[in-house]
Amino acid sequence: MAVIEIKLCLLGDSGVGKSSIVHRFVYDSFRPYMENTIGAAFLTKTMIVEGRTYKFQIWDTAGQEKYRALAPMYYRGAAAAIIVYDITRESSFHAVKLWLAELKRHASPNIVLAIAGNKNDLEDLREVSYQEAQDCAKSHGAIMIETSAKSAINVASLFVEIGRRLSNL
Ligand code: GTP
Ligand code: MG
C-alpha cells in the first residue's frame, strides 16, 4: 500500500519537551537529561492510522530564542504542526498563541494544527488549566491534547489524532 509522507514540525518554547515527545514517539523511551536542540533535529516514524500508512517526517525545532528566525524553514510546506507548551509554565502557553498567529499568516492554509500541553505528570505544579487550552484550540480549529513524554501519556494519541485529521482532509 502507498505510504503517505507527512512533513510535520514541532514548535514551542525551549524546555517544554518537544524533543522528549519526539523521542517518546520514535523510540518509546524518555531521557531525563535531554540537551537543548541546536537548530533542528530530523526524525521519521511510520504509523498506520485507520488503514493508511503515514510516514511522519518530523522536524523538531529548537525553542531557544536565538533560533527563532529558522522556524519558517520548518513550518513552510508542513502538513501538520504540533505547538507544545509546558502545563507548569504559563509563559510557554502564551507563546502558543503567538505561534498560532504566525502559522495562520505564513503556514499552508490547510495545515493540521495540534496543541500539546506537555508534562501533565506534574499536576501539582500546573499553571495552565485544561479548559483554557481547550478553548484556545477550539477557536483555532486545532487539536488539543495533554501529554507526558515522561510517563508516555497521550504521545501516540497525539499522532493518531493528527493522522485522523489528515485522512479527513
Ligand atoms: P529545546 O530543544 O531547547 O527547544 O527544548 P525541548 O522543548 O526540546 O525540551 P526537551 O525535550 O529537551 O525537555 C526539556 C526538559 O523537560 C528535560 O529535562 C526533559 O527531561 C523534561 N521533560 C520533557 N518532557 C517531560 C514530561 O512529560 N514530564 C516531565 N516531568 N519532564 C519532561
Ligand atoms: Mg529540543
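Residues numbered from 1 in each chain as written. Chains lettered and ligands numbered in written order. Predicted model: local features only at pLDDT ≥ 70, side-chain atom pairs only at ≥ 80, totals over all residues. Heavy atoms only, no water.

Under the Sequence similarities (unreviewed entry) heading, UniProt states for the chain: "Belongs to the small GTPase superfamily. Rab family." (UniProt positions renumbered as here; feature names shortened; annotations may be inferred.)

A. Up close: the pattern of salt bridges. Tallying each qualifying case throughout the model produces nine salt bridges. A salt bridge links Asp-28 to Arg-24; its shortest N-O distance comes to 2.9 Å. Judged by relative accessible area, Arg-24 falls into the buried class, the value being 12%. Each of Glu-50, Glu-161 and Arg-164 takes part in a single network of salt bridges with overlapping partners. (Salt bridge = Lys/Arg side-chain N within 4 Å of Asp/Glu carboxyl O. Buried < 20%, exposed > 50% of the residue type's maximum accessible area, 1.4 Å probe, protein only.)

B. Focus on the nonpolar core. Within the largest apolar cluster, 28 residues are counted, with the highest numbers of intra-cluster contacts made by Leu-8, Phe-56, Ile-58, Ile-82, Leu-158, Phe-159 and Ile-162. Those elements giving two or more residues to this core turn out to be strand 1 (3-11), helix 1 (18-27), strand 2 (40-49), strand 3 (52-61), strand 4 (80-86), strand 5 (112-118), strand 6 (143-146) and helix 5 (155-167). Per-element accounting of this core gives the leading share, five residues, to helix 5. In contact with Ile-162, not counting residues within four places along its chain, are Leu-8, Phe-56, Ala-80, Ile-82, Val-112, Ala-114 and Ile-143. Formed by 25 residues, the second largest nonpolar core is a distinct cluster that contains Leu-103, Cys-136, Ala-137 and Ala-142. (Core = buried A, V, L, I, M, F, W, Y, C linked by side-chain atoms within 4.5 Å. Helix = DSSP H or I, 4+ residues; strand = E, 2+ residues; numbered from the N terminus. Contact = heavy atoms within 4.5 Å.)

C. Molecular detail of the site of ligand 1. Neighbouring residues of ligand 1: 24 residues in total, closest Ser-14, Lys-18, Ser-20, Asn-36 and Gly-63. A distance of 3.0 Å separates an oxygen atom of ligand 1 from a polar atom in the backbone of Gly-17. Residue Ser-20 places a side-chain N or O atom 2.7 Å away from an oxygen atom belonging to ligand 1. In the complex, 89% of the free accessible area of ligand 1, which totals 650 Å², lies under the protein chains. (Near = heavy atom within 4 Å. Polar contact = N/O pair within 3.5 Å; in protein donor to acceptor, adjacent residues only side chain to side chain. Areas by Shrake-Rupley, 256 points an atom, 1.4 Å probe, with all protein chains shown as cover.)

D. View of the coordination of the magnesium ion (ligand 2). In the first shell of the magnesium ion (ligand 2), the protein supplies Ser-19 (OG) and Thr-37 (OG1), at 2.0 to 2.1 Å from the metal. Of this pair, Ser-19 sits in helix 1 while Thr-37 sits in the loop between helix 1 and strand 2; the two residues are 18 residues apart in sequence, bridging distant segments of the chain. Thr-37 carries the same exposure label as Ser-19, and that label is buried. (Donors = N, O, S within 2.8 Å, 3.2 Å for Na, K, Ca; no water.)

E. Focus on the packing of helix 3 (residues 90-106) against helix 4 (residues 130-139). Viewed as axis vectors pointing N to C, helix 3 and helix 4 meet at an angle of 5°, and their least axial separation amounts to 11 Å. Classed by the angle they form, the pair helix 3 and helix 4 counts as roughly parallel. Together, Glu-90, Phe-93, Lys-97 and Leu-100 of helix 3 and Glu-132, Ala-133 and Cys-136 of helix 4 make up the contact between the two elements. Residue classes in the contact of helix 3 with helix 4 are distributed as four nonpolar, no polar and three charged. (Axes fitted to C-alpha atoms, helices over the stretch in contact; angles between N-to-C directions. Parallel < 35°, antiparallel > 145°, perpendicular 65-115°, else oblique. Nonpolar A, V, L, I, M, F, W, Y, C, P; charged D, E, K, R; others polar.)

F. Focus on unusual backbone geometry. Even without a glycine there, the phi angle at Glu-50 is positive, about 50°. Following the sequence through the fold, Glu-50 ends up in the loop between strand 2 and strand 3. By relative accessible area, Glu-50 is classed as exposed at 53%. Despite not being glycine, Asn-154 shows a phi value in the positive range, around 65°. For Asn-154, the position within the fold is in the loop between strand 6 and helix 5.

G. The arrangement of the environment of Arg-126 in detail. With respect to the helices and strands, Arg-126 occurs in the loop between strand 5 and helix 4. Assessed through its relative accessible area of 24%, Arg-126 is described here as partly exposed. The sequence separation of Arg-126 and Ala-107 amounts to 19 residues, and the corresponding C-alpha distance is 30 Å. The contacts of Arg-126, once residues within four sequence positions are left out, are Ile-87, Thr-88 and Glu-146. Only 2.9 Å separates the side chain of Arg-126 from the side chain of Glu-123, close enough to count as a polar contact. For Arg-126, the side chain forms a polar contact with the side chain of Glu-146, separated by 2.8 Å.

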